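Here is how the chains run, residue by residue.
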Amino acid sequence: MIEDKNQDRTTLDKLGEFGLIEHLTQHFSLQHKSSEKGIGDDAAVLDFKNKKTLVTTDLLVEGVHFDLSYMPLKHLGYKAVMVNLSDVYAMNATATHITVSIAVSNRFPLEALDELYEGIAFACTKHKVDLIGGDTTSSTTGLLISVTALGEANSANITYRTGAKPNDLLVVSGDLGGAYMGLQVLEREKEVFKVNPNSQPDLEPYSYIVERQLKPEARNDISGLLKVLGVSPTSMIDISDGLSSEILHLCKQSEVGCNLFEEKIPLDPTVISACEEFKIDSTMVALSGGEDYELLFTVDQKDFEKIKGNPNLSIIGHMTDASEGAHLITRGNTKIPITAQGWNSFKSE
Ligand code: ADP
Ligand code: MG
């Protein structure tokens, strides 16, 4: 649907590898003082002075992580950057640089890669990161895109998964489940489109959740917000795989347990109505859906008043002694062990 617009198509072999790299990267400029050398030599050169450097990387594979029949390439470029920046923000750090590597088959015209790089450029501008390199190669199958993000932080501010203590409050930014429900809507429309290629889906009622899936926004605001509130998170992780899996990571790595309260899980009204329509339990979607790219963190109980009522943050539970395990306390006040398994195995509990 997306890649095959009948516009001008410039085949990649017309440019060659170096021409392509030059073309794709020509409009990127360097903003950070720490970027001594970006694209154009055998390696980039960075100088983080007295700050700690953070590095994280993610690989996205067509057919596994994205489906180009409903993922516009511009959004894919944006999302590929966001999933990496989210990992930097989850360390309570500032993102500064990215590298982007692509493997691409010649079924893509240059114009398609231009769209991909438009999304990457938009992400760089919005999140103030410099593109400083990458690699470009051909692929015989689908599109692969690998992004590496770098960031900086003062040593004292870096927040690991390991610092949660019993009685700490468990806090999440934003709301959950939207990206998963957006995917359900897109998958459904794809099936409809297969049967009737002339159908025009009306995605307007689902715009929030579809956008959560196609154009997630990494939370670069939370670190600053916590600073303003005078709160130092004790542990932190980003929500890429679903709330339950991330809670278990915090519990395991901090050697604590957790009580999560079902009624406290933040859900957008659009998520609730989509769950009703698809006959899926909204709590399960928040627990197992994933791809929300919100931040999950713990704070000392004394910070309750500072966090309470903040529209960006929800207190959803508290940590306990490790021996108590990790549990969901349902609206009906039953205690269910949290498992990191997929949807179906969780449902059969
Ligand atoms: P090398 O031969 O050392 O792999 P390349 O010719 O692949 O170098 O790359 C030349 C320059 O362009 C390097 O600075 C590299 O980091 C950068 N580069 C290559 N591909 C990309 C890409 N897809 N996005 C951004 N920069 C890239
Ligand atoms: Mg190379």
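Here, every reference points to the structure presented above.
Residues numbered from 1 in each chain as written. Chains lettered and ligands numbered in written order. Predicted model: local features only at pLDDT ≥ 70, side-chain atom pairs only at ≥ 80, totals over all residues. Heavy atoms only, no water.

A. Summary view of the site of ligand 1. Contacts to ligand 1 come from 15 residues, most closely from Gly40, Tyr117, Gly133, Gly134 and Thr136. Contact between ligand 1 and tyrosine 117: a nitrogen atom at 2.7 Å from a side-chain N or O atom of the residue. At 3.5 Å, a backbone N or O of glycine 133 approaches a nitrogen atom of ligand 1. When isolated, ligand 1 has an accessible area of 550 Å², and the protein chains bury 75% of it. Its atoms largely coinciding with the cavity grid, ligand 1 occupies the largest pocket. Sorting the residues of the shell around ligand 1 by element identifies helix H1 (16–25) and strand E5 (130–138) as the ones contributing at least two each. For the shell around ligand 1, the element with the highest residue contribution is E5, accounting for five residues. (Near = heavy atom within 4 Å. Polar contact = N/O pair within 3.5 Å; in protein donor to acceptor, adjacent residues only side chain to side chain. Areas by Shrake-Rupley, 256 points an atom, 1.4 Å probe, with all protein chains shown as cover. 1 Å grid on protein atoms, 1.4 Å probe; cavity = no way out; pocket = protein on both sides within 12 Å on 5 of 7 lines; lining within 4 Å. Sits in = over half its atoms within 2 Å of the grid points. Helix = DSSP H or I, 4+ residues; strand = E, 2+ residues; numbered from the N terminus.)

B. Representation of the packing of aromatic side chains. In the structure shown here, the tally under the stated rule is two aromatic pairs. A ring pair is formed by phenylalanine 28 and tyrosine 117, whose centres lie 6.2 Å apart and whose planes are at 90°; its orientation type is edge-to-face. On the criterion of sequence distance, the pair formed by phenylalanine 28 in the loop between H1 and strand E1 (35–37) and tyrosine 117 in helix H3 (residues 110–127) is long-range, its members being 89 residues apart. By the burial criterion, phenylalanine 28 is buried, and tyrosine 117 matches it. Between the NZ or CZ atom of lysine 215 and the centre of the ring of tyrosine 78, over which it lies, the distance is 4.7 Å. (Phe/Tyr/Trp six-rings, centres within 6.5 Å; stacked < 30°, edge-to-face > 60°. Buried < 20%, exposed > 50% of the residue type's maximum accessible area, 1.4 Å probe, protein only. Lys NZ or Arg CZ within 6 Å of the ring centre and 35° of its normal.)

C. Geometry of the packing of helix H4 (residues 178–195) against helix H5 (residues 207–214). Two elements in contact, H4 and H5, have axes whose closest approach is 7 Å; the angle formed by their N-to-C orientations is 100°. As judged from the angle between their axes, H4 and H5 are roughly perpendicular. Across the interface between the two elements, Gly178, Ala179, Met181, Gly182, Leu183, Val185 and Leu186 of H4 pack against Ile209, Val210, Arg212, Gln213 and Leu214 of H5. Partitioned by chemical class, the residues of the contact of H4 with H5 number eight nonpolar, three polar and one charged. (Axes fitted to C-alpha atoms, helices over the stretch in contact; angles between N-to-C directions. Parallel < 35°, antiparallel > 145°, perpendicular 65-115°, else oblique. Contact = heavy atoms within 4.5 Å. Nonpolar A, V, L, I, M, F, W, Y, C, P; charged D, E, K, R; others polar.)

D. Expanded view of the side chain of aspartate 175. Within the element layout of this structure, aspartate 175 appears in the loop between strand E7 (169–173) and H4. An unpaired buried charge is present at aspartate 175: no salt bridge exists, and arginine 212, the closest side chain of opposite charge, is 4.1 Å distant. A polar atom in the side chain of aspartate 175 sits 2.9 Å from the side chain of tyrosine 208. Each residue touching aspartate 175, except ones within four places of it in the same chain, is listed here: Tyr208, Arg212, Pro266, Leu267, Asp268, Asp292 and Glu294. (Lys, Arg positive; Asp, Glu negative; His and termini not counted. Salt bridge = Lys/Arg side-chain N within 4 Å of Asp/Glu carboxyl O.)

E. Highlighting the packing of helix H2 (residues 73–89) against H3. At a minimum axis separation of 6 Å, H2 and H3 run at an interaxial angle of 35°. Viewed along their axes, H2 and H3 form a crossing whose handedness is right-handed. Only Ala112, Glu115, Leu116, Glu118, Gly119, Ile120, Phe122, Ala123, Lys126 and His127 of H3 make contact with H2, whose side of the interface consists of Leu73, Lys74, Leu76, Gly77, Tyr78, Val81, Met82, Leu85 and Tyr89. (Left-handed = near helix turned anticlockwise from the far one by under 90°.)

F. Representation of the sheet that holds strand E8 (residues 235–238) in the model. Taken together, seven strands build an open sheet; the order of strands is E8-E10-E7-E11-E9-E12-E13 and the sheet is mixed. The open sheet has two edge strands with one neighbour each: E8 and strand E13 (335–337). Taken over all neighbouring pairs, the strand axes of this sheet differ in orientation by 25° on average, direction set aside. Pairing analysis gives four bridges linking E7 to strand E10 (residues 295–299), with the strands arranged antiparallel. Bridge pairing links leucine 169 to valine 299 in E10. Along the sheet, helix H7 (residues 243–254) contacts E7, E8, strand E9 (256–261), E10, strand E11 (313–321) and strand E12 (326–329); its crossing angle with E9, the most-contacted strand, is approximately 150°. (Pairing = 2+ DSSP bridges.)

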